[in-house]
Amino acid sequence: MGFETRVGYSDNVAVEDFLATESDPGAFSGVVLSAKHLKRHENVVETARARGVPIIVDTLTDRLAAPGFGSGTIDYGLDLPLDVDSLKRLNEQERRAFVRSILYPQFRVDADVLVGPHFYAEALDEIPFNVELARATVRESRAGRPVRAILAARRQLLSDPNTMMKVVSAYAGTGIEQIELRLSPLGGEDETAGKIGSTFSLLRAVKEHSDLEVILGHQGLIGESAFATGLVSAFSSGIGEQERYDHKGLIYRQTHPRRDEDGKSKGGRTRRVLLPGADAQVPKKIAEKLFTNPAIRGRLACGIDSCRDSIGAPAQDARKHLLHSRAGFVRDVQRRPVTMRATVERNRLAEALGVRRSVNKLLESDEEASPIGTRTLESLIGAIDPLIRS
Ligand SMILES: [Zn+2]
């Protein structure tokens, strides 16, 4: 497996272009489409299918359990928001009908992996219902299509490896082939050594006690390291977004949309650019300054495809650059013998840390720029070190 790209509302053209022209799309183990935008993203489905990249649909049922999630385009035929307590009371037959409603749009796009409904688990007693939904999904699935369960939960719930082991055994017993873990809150540039260390132990418990393919969902930087060290089979992120997971934050934003003075919802965030070498995303304006600064630009070269001709290319097409960077990363990992991967990843992170520190020195006097965080990177290096020694 490898990297799964989550296609945001306006990412479709970039993803289509990329998949259509990428010489080796094999680094992409999936294109994840939102159930909300399936119609708009029809062409992505077509291109991904033509290039042999698996199609996966994010069912979004966890988001639909709260109000405010524009549901007009979701084709489930269910009353929204979903009421989890009444869903828990459904009998076996009704539960299966509910699962069929969630699978229906996936059958329509002929998804390669079937994803059942899931709800966020704030407490351990919310997990068994999710396990039952996974079981019902396996029963309603089509032969030959692997089934994926999504386990989205408060990270601390699962931080004890024994608990994680029991949870993962329960999921494995349902007959699913894949489990996507979304640990909340996790990700970003400010994660402590304790949190990263505990996340790695949790992933190790899953790996050692099941044969499931494990996907670390909504994780960019941490996903890369977990993949490179063999703790997970794949990781997913959006294109410059959904690189971290914070369920409560998502629900808060959906129930409290930002409005401007006229009451219209405020859109979008500024496009960020992945700085090669630093493996950090910075605002486009800052990236452009760095790409023209002779003191650092030599350490920020991408060198893949269209970025080969110019150091500044990543800022001109940030989406394409991010996609080929992730594909390149996955290919690099896959090319190396398994026994060397942790060492190479540690060295890559140490190099990135050096580049970030140099960039931060240069940005010190720049009032528009804030320093690039380094804590998560340092924590990842600390978590990988013992893997190399053992
Ligand atoms: Zn590039």
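Please read these numbers as outputs of a predicted model, since none were measured by experiment.

1. Focus: the overall build of the protein chain
So, step 1. When helices and strands are counted, the protein chain shows 15 helices and 10 strands.
So, step 2. Since a compact globule built from 390 residues should have a radius of gyration of about 21 Å, the 21 Å found for the protein chain is in line with a globular shape.
So, step 3. Projected onto the principal axes, the alpha-carbon positions of the protein chain cover approximately 65 × 55 × 40 Å.
So, step 4. Counting every position in the protein chain, which comprises 390 residues, the buried fraction comes to 45%.

2. Some remarks on the domain arrangement of the protein chain
So, step 1. Each domain of the protein chain was delimited in the assignment, giving domain 1 (3-255) and domain 2 (272-389).
So, step 2. With 27 residues of domain 1 at the contact, the number on the domain 2 side is 29 residues.
So, step 3. Elements that contribute at least two residues to the side of domain 1 that touches domain 2 include exactly strand S1 (3-6), helix H1 (12-21), helix H8 (193-209) and helix H9 (221-228).
So, step 4. Looking at the side of domain 1 that touches domain 2, the element that brings in the most residues is H9, giving 6 residues.
So, step 5. Looking at side-chain class alone, the side of domain 1 that touches domain 2 contains 13 nonpolar, 8 polar and 6 charged residues.

3. Considering the pairing of strand S9 (residues 272-275)
Residues in a regular strand point their side chains to alternate faces of the sheet.
So, step 1. Bridge analysis of S9 against strand S10 (residues 280-283) gives 4 bridges, and the strand direction is antiparallel. Bridge assignment links Leu 275 to a residue of S10, and that residue is Ala 280.
So, step 2. Here S9 hands over to S10 after 4 residues, with Gly 277 in that stretch at a positive phi of 85 degrees.

4. A closer look at the pairing of S1
So, step 1. Alternating positions in S1 separate into two faces, Phe 3 and Thr 5 on one and Glu 4 and Arg 6 on the other, with burial throughout.
So, step 2. Bridge count between S1 and strand S2 (residues 28-34): 4 bridges; the pairing is parallel. When the sheet's bridge partners are listed, Phe 3 is paired in S2 with Phe 28.
So, step 3. Handedness of the β-α-β unit built from S1, H1 and S2 comes out right-handed.
So, step 4. Relative to strand S8 (residues 234-237), S1 runs parallel, the two being bridged by 3 bridges. Considered in S8, the bridge of Phe 3 is made with Phe 235.

Basis of the calculations
- Residues numbered from 1 in each chain as written.
- Predicted model: local features only at pLDDT ≥ 70, side-chain atom pairs only at ≥ 80, totals over all residues.
- Helix = DSSP H or I, 4+ residues; strand = E, 2+ residues; numbered from the N terminus.
- Rg over C-alpha atoms; globule rule 2.2 N^0.38 Å.
- Buried ≥ 20, exposed ≤ 12 C-beta atoms within 10 Å, placed from the backbone.
- Domains from an automatic or database assignment.
- Contact = placed C-beta atoms within 7 Å.
- Nonpolar A, V, L, I, M, F, W, Y, C, P; charged D, E, K, R; others polar.
- Pairing = 2+ DSSP bridges.
- Right-handed = clockwise from strand over helix to strand, strands pointing away.

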